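Each chain is listed here by its residues.
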Amino acid sequence: MEKLFSYGILREPTTQLMVFNRKIKQEDAVLHGYTLLIDNIHGRYNNIQKAELDMVAGTLLEITEEELLLTDRVEGVAFGLYHREKVDEWWVYIGGTAE
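These numbers come from a predicted model, not from an experiment. (Residues numbered from 1 in each chain as written. Predicted model: local features only at pLDDT ≥ 70, side-chain atom pairs only at ≥ 80, totals over all residues. Heavy atoms only, no water.)

1. Looking at the side chain of E67
Link 1 in the chain: By secondary structure assignment, the location of E67 is in helix α2 (residues 65-74).
Link 2 in the chain: With a relative accessible area of 10%, E67 lands in the buried category. (Helix = DSSP H or I, 4+ residues; strand = E, 2+ residues; numbered from the N terminus. Buried < 20%, exposed > 50% of the residue type's maximum accessible area, 1.4 Å probe, protein only.)

This is the structure in structure tokens:
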């Protein structure tokens, strides 16, 4: 199983049912060293960026590798809206293409 840190709509059970066809096992989590930017992408989507002294509250989702690839499509990775990177032991989506 993969661990995905979510700070947006994937935390919602109705979204999980639409995307994964099931409710995902989840727990509250905090991502240290990042800050949350509200409506930062196209004026509609939240984003995070590195900020050494800050933290982002969110949810840790336990999903399969197949569901992680599905999430890439939902998050617009192919179009450069977000990219996925590993922070500690968690996958996180960060706005824009990978540097």
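After that view of the structure, there is still more to cover.
2. Some remarks on the packing of aromatic side chains
Link 1 in the chain: The full count for this structure, using the stated rule, is one aromatic pair.
Link 2 in the chain: Plain terms: the ring middles of F5 and W90 are 5.6 Å apart, the flat faces sit at 5° to each other, and that makes the pair stacked. A residue pair is termed long-range when its members are at least 10 positions apart, and F5 in strand β1 (residues 2-6) and W90 in strand β5 (residues 90-95) qualify at 85 residues.
Link 3 in the chain: The class for F5 is buried, based on a relative accessible area of 2%.
Link 4 in the chain: Over the ring of W91 we find R84, and its NZ or CZ is 4.5 Å from the ring centre. (Phe/Tyr/Trp six-rings, centres within 6.5 Å; stacked < 30°, edge-to-face > 60°. Lys NZ or Arg CZ within 6 Å of the ring centre and 35° of its normal.)

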